[in-house]
Amino acid sequence: MGSSTSHLSKENVSEYQELTFLTKQEILLAYKRFMELYEDKKNPPDPRVSRVSLDKIVKLPELQSNPFRERICHVFSTSELKDGSLSFEDFLDLLSAFSDSATLEIKSHYAFRIFDFDDDGTLDRNDLEKLVNRLTGETDDTRLTKDEMGQLISNILEESDIDKDGTVNLSEFQHVISRSPDFVSSFKIVL
Amino acid sequence: MEEHNSENFLRLISVESTGSTLSSDSCEYYQTEIFDQLPSVQASRPVQNRPTLVEPCEAYQGGPESEELRTGHLPRGQRDKVSVQPLKQLALCIQAKREASERRKMQLSNIGFWESWWKNQSIKRKRAWAQMGEALSGLLPWQHTLHVIEGKFGVGLKAYFVFFRYLVYLNLLHCIFICGLILGPTVFLKPNISELMKFRGNDSILDFFRGSGYLNRSLVFAGFYKQNIRLLNIRCLETTLLYIAAILSILILSLIMVVRRTTVGYKHTWVLGKRYNMNMSYKIFCGWDFTIKDPDAAILKSSFIRNDLKLLLEEQRFSLREAQRTLGQKVRLYLLRFILNMLVISLLSGAFFLIFFVTDWTLIKDNSLPENLFTEYLSPFTIASVNLVLPEIFRKISAFEDYSFTTQVNITLVRSIFLKLASLGFFFYSLLISPKKDKRLCTENEIGRGIYKMCIFNFLMTFCSALFFNYPRKLLQERYPTSFLGRLAGKQRFQIPFNVLELVNCQTVLWMGVYNCPLLPLIGTVILVATFYIKKFIVLRCCVAEQRLFRGSNSSVLFHFMLLLGLLLAASTLAFQLYETELGTNNMSYCGPFDNGQIVFNATAECMNSLPSAAQKSIHYLTSEAFALPLILAEIIILTSYVSRRQANQRAIERLKDMLVMSSSDKRFLVKQHATILRRRRNPRRVCAAATTDDHPLSHEVTFSRIN
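Note that the structure is a prediction, hence the values are computed from the model and not measured. (Residues numbered from 1 in each chain as written. Chains lettered and ligands numbered in written order. Predicted model: local features only at pLDDT ≥ 70, side-chain atom pairs only at ≥ 80, totals over all residues. Heavy atoms only, no water.)

## A word on the overall build of chain A
Worth spelling out the cut-off: Secondary structure elements follow DSSP: runs of H or I of four or more residues count as helices, runs of E of two or more count as strands, with numbering from the N terminus. Should any heavy atoms of two residues lie within 4.5 Å, those residues are considered in contact.
Scanning chain A for helices and strands turns up 11 helices and 4 strands. In chain A, of all internal contacts separated by at least 6 residues, the share reaching a separation of at least 24 is 56%.

Here is the structure:
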């Protein structure tokens, strides 16, 4: 592996090209950006193991104004500590899922996991409430009132909970997403 | 059941929730442990976290033993899909993909040499295609601009600019037709062309604004193409026929392209959207625009979403209230609406009369009036001002009609579209029928001139409003934000609907004029490109994003639908003009490609007669009733089959939905039942479980080994 050099080796780049939706330029740019965040300047990072902490990642201009930035890091992090820190490969995973050419399938899968705040595999009322609060803003005067929230959530469940079990699961979620042509163009982060 | 019990398995229970999850009946069924092991849940579980991988990808579940159990439970279809999909389309982390690729290579080495070679080749081919696509998409102009706009203002405004770029492409395509079929033959074959194109003494630069003098003689207008030249001595290859062929192919091509774009969007939003009403879910699940980078834009977006949701909920309550209206209130409301609609109609007819009158007056004005730019541009000016004032009035009127907010916006938009297109139609009509002051003037050129001026005027207005209105306003607001004027000026918003209306208007004018002024697509392309940069300047330099949430797809359907209306208007004006020419009313002098008694219909007929008899016969058959009847029958049969198929599918969908609800409730019942049984069995062991947790107070994963 080219981990001993400060640049990515050719094999690495072409492997990443194979495994992600990113182009060569995008991978190199991602590497450059990752290196800017990486602290330990003396030891070049191992793309699999060396990590950049969540606090630093969320300060990226592409993520800083995103209300789901912490969730995004947690979803793409493979850290055993579950601290949301990203290795370079995790970072590539993130960019790949949010890239222009990623499929609707991939994008909706990750969107579902980002919105599933308690990681239990379904979007229940609590998840939906958190999701709505993130969208409208978290302060007290930007939140919806309790009545509005109740009305909204029962509307959502009415519409998208097809099997009527009180939660939205992945396939129901993808069912909704697949009918929205806007989703692919807005679920996108490009460096 | 027994088998499962004898197995050792790990599971995840949060220590804190152990008691509450297990003891209370109120726990949701999806929080029970058996739920995690259901095949359907396994299939949709984040694959990234499945323990197939020994390394860090393993996040929270299970050990190596349970892997077999899990993959064994994977539904068959799922597994097949996984093994053929390209690696990058799997929702896995890179490490997992790497291992998957190793596994695939193993499989590949098992299969024959040719097959593996073939697979490798197909991968290489795909990669080459992808590279080519990338290279081509790099050639698209304005990619970067669109990206910047998207980052600052979101998808809605980008849709406007994408629409803009689409129109530029469309006009470029038209230019190819014009150059190939009209300009090329005429320029090469027409004698003394340089003589005509010479700049004479009495020509002035103002001619370019008035479309008179030099421009009137040049190849811009239809009069230039008067002479009929036969190419290669073939009867059907005449400049006149090529001329009409170019115009018709432009219109038909535009029709096909616009209809295609409209139906694609329509299918997405209306057909699918209506039956499965998922408005709110869309707004929540697809609400955030992840492309936004600017913190201000993010705050703005949040407030859009909030306002939009509040609006939607309010509208829901409004419809509830609406259902509770009493008869008296209803009668009063309908009366009010009727009166307001009459008002709208009278305003519209007043506007049309004004346009008609002004155009008429400028065309027959007596020579005592000075012939200056003001009178030349009076009718475009009237149309523009009418279109500026009336939509505002319509907006005010619709507020009184007690519709819900969205209906108000839509109704204003529909009325404005109608006004815009109809005023163009009236303008054209008055150009066509008003008697000329000078009988020697060429009718086609006169109409072409009118439309040319309209086009130039629209552009000048965009330019001037940017330079003298938007930019100073922005400067004022920037420099003196606290002054009275600065506060009065306020922040500028880019009103997408009205800007789209402007674009549609521009394109409609281009289509309407193409017969009388064949160089209009070329001029139009230049104008559109310049306008693109002006709009970009306005948006990026002077505007803050619009308050109302504008959804990309919905709006693009609306854009293209308006464009379609414009195209239909243009086509009908052309048909009307050709019909007028055929009738030869108000004995005007026609000087376009079809002059000296020759009109479109007999020109094509002559061409037909020169064809070989077999071709003639087949064309006659294709245009006869004998062919029309079977055609209609075939269409009816195809349509009927589609309708019945749709109905059958609909029934199947309903049945499947019922089945889904049924099986889900079964699942819930079984899971709950299982949890209850488990709880009963475990109760005596509770103490033991507590002891284990004491041993590992920090660990959240508790191992239960249950050996019966």
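Picking up after the structure, the text goes on.
## Some details on the interface of chain B and chain A
Many authors give the size of an interface as the accessible area that is lost as the parts come together. This is how it is decided: Computed with a 1.4 Å rolling probe, the buried area is the accessible surface lost when two parts are put together, summed over both parts. By definition, a salt bridge exists where a carboxyl oxygen of Asp or Glu is found within 4 Å of a side-chain nitrogen of Lys or Arg.
Listed per partner, the contact involves 70 residues of chain B and 76 residues of chain A. Summed over both partners, the interface of chain B with chain A comes to about 6,600 Å²; 57% of that surface belongs to carbon and sulfur atoms. Put simply, chain B and chain A have 4 salt bridges between them. For D93 of chain A, the salt bridge identified is with K97 of chain B, shortest N-O distance 3.9 Å.

## Focus: the UniProt feature "domain: EF-hand" (unreviewed entry) in chain A
To be explicit about the condition: UniProt positions are given in the numbering used here, feature names are shortened, and annotations may be inferred rather than shown by experiment.
Using the residue numbers shown here, the UniProt feature "domain: EF-hand" (unreviewed entry) corresponds to residues 103–138 and 148–183 of chain A. What you have in residues 103–138 of chain A is 67% helix and 6% strand, and the ends, taken at the C-alpha atoms, are 31 Å apart.

## Topic: helix α5 (residues 69–76) of chain A
How we decide: Residue burial is assigned from relative accessible area. The probe radius is 1.4 Å, only protein chains are included, and a residue is buried under 20% of its type maximum, exposed over 50%, and partly exposed in between.
Buried residues of α5 of chain A: R71, I72, C73, V75 and F76 of chain A, and no others. The elements touched by buried residues of α5 of chain A are α3 (54–57), α4 (61–64), β2 (86–87), α6 (88–97), α7 (104–115) and α8 (125–136) of chain A.

## Quick look at the pattern of salt bridges
Taken as a whole and assessed by the stated rule, the structure comprises 11 salt bridges over all chains. The salt bridge partner of R33 of chain A is E36 of chain A, with a shortest N-O separation of 3.9 Å. Of this pair, R33 of chain A and E36 of chain A both sit in helix α2 (residues 24–37), 3 residues apart, roughly one helical turn. Residue R33 of chain A is classed as buried on the basis of its relative accessible area of 15%. Between R51 of chain A and D90 of chain A there is a salt bridge, with the nearest N and O atoms lying 3.3 Å from each other. Of the two residues, R51 of chain A is situated in strand β1 (residues 51–52) and D90 of chain A in helix α6; the sequence distance between them amounts to 39 residues. What makes D90 of chain A buried here is its relative accessible area of 3%. One network of salt bridges, with partners in common, ties together E15 and E89 of chain A together with R98 of chain B.

## Focus on the environment of L313 of chain B
As for its placement among the helices and strands, L313 of chain B is situated in helix α16 (residues 295–323). You can call L313 of chain B buried: its relative accessible area is 0%. Beyond its immediate sequence surroundings of up to four residues, L313 of chain B is in contact with E148, Q151, L152 and N155 of chain A together with M280 of chain B.

## Let's talk about the state of the cysteines
Residues and elements named next belong to chain B. Rules: Criterion for a disulfide: a pair of cysteine sulfur atoms at a distance within 2.5 Å.
Enumeration according to the criterion identifies 0 disulfides over all chains in this entry. The closest cysteine sulfur to the non-disulfide-bonded C175 is located on C179, 6.1 Å from its own sulfur. What makes C175 buried here is its relative accessible area of 7%.

## Quick look at the nonpolar core
We apply this condition: Nonpolar cores were defined as sets of buried Ala, Val, Leu, Ile, Met, Phe, Trp, Tyr and Cys residues, with membership established by side-chain atoms within 4.5 Å.
The biggest cluster of nonpolar side chains holds 86 residues, and the ones touching the most others in it are L157, Y160 and W511 of chain B. When residues of this core are assigned to their parent elements, the largest contribution, 13 residues, is made by helix α10 (residues 155–189) of chain B. Leaving out residues up to four positions away in the same chain, W511 of chain B has contacts with L170, H174, I250, L251, S254, V258, L563, G566, L567 and A570 of chain B. Counting residues in hydrophobic clusters, the runner-up holds 80 residues, among them I114 of chain A together with C93, I284 and A298 of chain B.

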